Amino acid sequence: MFASRIDDDLELRPLEERHAQELFEVIDQDRKDLRTWLPWVDASRSADDIAAFIGSARQKLAVGRGLTCGIWHRGRLVGVIELRLDPAHRAGEIGYWLGREARGQGSMTRATRALVDHGFGDLGLHRIVLRAALGNRASRAIAERLGFTLEGTLREAEWVNDHFEDLAVYAMLRREWHGA
Ligand SMILES: CC(C)(COP(=O)(O)OP(=O)(O)OC[C@H]1O[C@@H](n2cnc3c(N)ncnc32)[C@H](O)[C@@H]1OP(=O)(O)O)[C@@H](O)C(=O)NCCC(=O)NCCS
């Protein structure tokens, strides 16, 4: 079972149903901000909705289709990072979010680096993708900081609340990864 203590402050662990209430509170507190870029926020109205999301993540974990981790900063749950897996192509795709209080300290860059290490290491992946809305500077900065290559733009590819977003597609190949 994957678990990663990144440093004294930061830890990644697969989410379990017992984390649903705490995770719901983090989302609920920052819902207005999070919904700017995340299409699922409006539909997350209760801890039960989050428990259902975690249940589905646990099923994907069981069949090798994904790894969804909580991010704990100094023992407090502050966000989520996940690696969706496509085993036939040894491919993965990372998605993430952080509550507002936890931003601006490099935590997500470190969490992403740890998950990419795990993907290219233990999971034997060949390619890892990161997609972010063109206007989502903070998210794109993580891909760029870690040396991902910008491959192009998917036009109007994601429906977010009431409009389509263009997505920047970044990718890292196993042979390019030096844990930047
Ligand atoms: C995307 C998101 C996770 C980025 O959060 P973030 O805090 O900017 O990312 P990091 O945790 O990597 O922190 C980077 C910031 O910490 C700073 N920082 C401090 N120490 C650092 C370190 N050791 N390493 C890297 N950055 C560091 C960086 O300069 C940067 O700050 P800046 O934006 O003022 O330049 C966050 O904005 C978010 O959750 N947004 C809403 C949801 C979302 O958009 N998800 C992504 C959808 S694709």
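Residues numbered from 1 in each chain as written. Predicted model: local features only at pLDDT ≥ 70, side-chain atom pairs only at ≥ 80, totals over all residues. Heavy atoms only, no water.

Inspection of the secondary structure assignment puts Pro14 in strand β2 (residues 10–14). For the pair formed by Pro14 and Ala143, sequence separation is 129 residues and the distance between their alpha carbons is 22 Å. (Helix = DSSP H or I, 4+ residues; strand = E, 2+ residues; numbered from the N terminus.)

Moving on, we come to the side chain of Thr109. Tracing the backbone through its elements, the reader meets Thr109 in helix α4 (residues 107–120). Excluding residues that lie within four positions of it along the chain, Thr109 makes contacts with Ile142, Arg145 and Leu146. (Contact = heavy atoms within 4.5 Å.)

Below, the discussion takes up the nonpolar core. By size, the foremost hydrophobic cluster in this structure holds 31 residues, and its most contacted members are Ile71, Ile81 and Phe148. Secondary-structure elements contributing two or more residues to this core are β2, β3 (66–73), β4 (76–86), β5 (91–98), α4, β6 (127–133), α5 (137–145) and β8 (163–173). At 6 residues, α4 tops the list of elements feeding residues into this core. For Ile81, the contacting residues outside a window of four places in its chain are Leu12, Leu67, Thr68, Cys69, Ile71, Ile94, Gly95, Tyr96, Met108, Ala111, Thr112 and Leu115. (Core = buried A, V, L, I, M, F, W, Y, C linked by side-chain atoms within 4.5 Å. Buried < 20%, exposed > 50% of the residue type's maximum accessible area, 1.4 Å probe, protein only.)

Residues in contact with the ligand amount to 20 residues; listed here are only the nearest, Leu98, Gly104, Met108, Thr109 and Asn136. Between Thr109 and the ligand, the recorded distance is 2.5 Å, taken from a side-chain N or O atom to an oxygen atom. In isolation the ligand exposes 930 Å². Once the protein is present, 68% of that is buried. Those elements that place two or more of their residues in the shell around the ligand are β5, α4, β6 and α5. Broken down by element, the residue count for the shell around the ligand peaks at 4 residues, all from α5. (Near = heavy atom within 4 Å. Polar contact = N/O pair within 3.5 Å; in protein donor to acceptor, adjacent residues only side chain to side chain. Areas by Shrake-Rupley, 256 points an atom, 1.4 Å probe, with all protein chains shown as cover.)

The next thing to look at is the packing of helix α1 (residues 20–29) against helix α3 (residues 47–62). In the contact formed by α1 and α3, the axes pass within 8 Å of each other and the chain directions differ by 115 degrees. When the axis of α1 is compared with that of α3, the two are roughly perpendicular. The interaxial crossing formed by α1 with α3 has right-handed handedness. Across from Ala20, Gln21, Leu23, Phe24 and Ile27 in α1, the residues of α3 making contact are Ala47, Ile50, Ala51 and Ile54. Taken together, the residues of the contact of α1 with α3 sort by class into 8 nonpolar, 1 polar and no charged. (Axes fitted to C-alpha atoms, helices over the stretch in contact; angles between N-to-C directions. Parallel < 35°, antiparallel > 145°, perpendicular 65-115°, else oblique. Left-handed = near helix turned anticlockwise from the far one by under 90°. Nonpolar A, V, L, I, M, F, W, Y, C, P; charged D, E, K, R; others polar.)

The 8 strands lie next to each other as β1-β2-β3-β4-β5-β6-β8-β7, forming an open sheet whose pairing is mixed. Two strands bound the open sheet, and with one partner strand each, they are β1 (4–5) and β7 (149–160). Pairing of β6 with β8, which is carried by 7 bridges, proceeds in the antiparallel orientation. Following the sheet pairing, Arg127 is matched in β8 by Leu173. Of the strands in this sheet, β2 and β3 are in contact with α3, which crosses β3 at around 125 degrees. (Pairing = 2+ DSSP bridges.)

If you check the backbone angles, Arg74 has positive phi at about 45 degrees while not being a glycine. Tracing the sequence through the fold places Arg74 in the loop between β3 and β4. Overall, Arg74 belongs to the exposed group, its relative accessible area being 62%. Phi at Glu156 takes a positive value of approximately 45 degrees, unusual for a residue other than glycine. Among the secondary structure elements, Glu156 is positioned in strand β7.

If you walk through the whole model with that rule in mind, you get 15 salt bridges. Residues Arg131 and Glu93 are paired through a salt bridge, measuring 2.8 Å at the closest nitrogen-oxygen approach. Highlighted residues: Arg131 in strand β6 and Glu93 in strand β5, separated in sequence by 38 residues. Arg131 gets classed as partly exposed once you look at its relative accessible area, which sits at 38%. Given a relative accessible area of 17%, Glu93 falls into the buried group. One salt-bridge network, in which partners are shared between bridges, spans Glu82, Arg84, Glu93 and Arg131. (Salt bridge = Lys/Arg side-chain N within 4 Å of Asp/Glu carboxyl O.)

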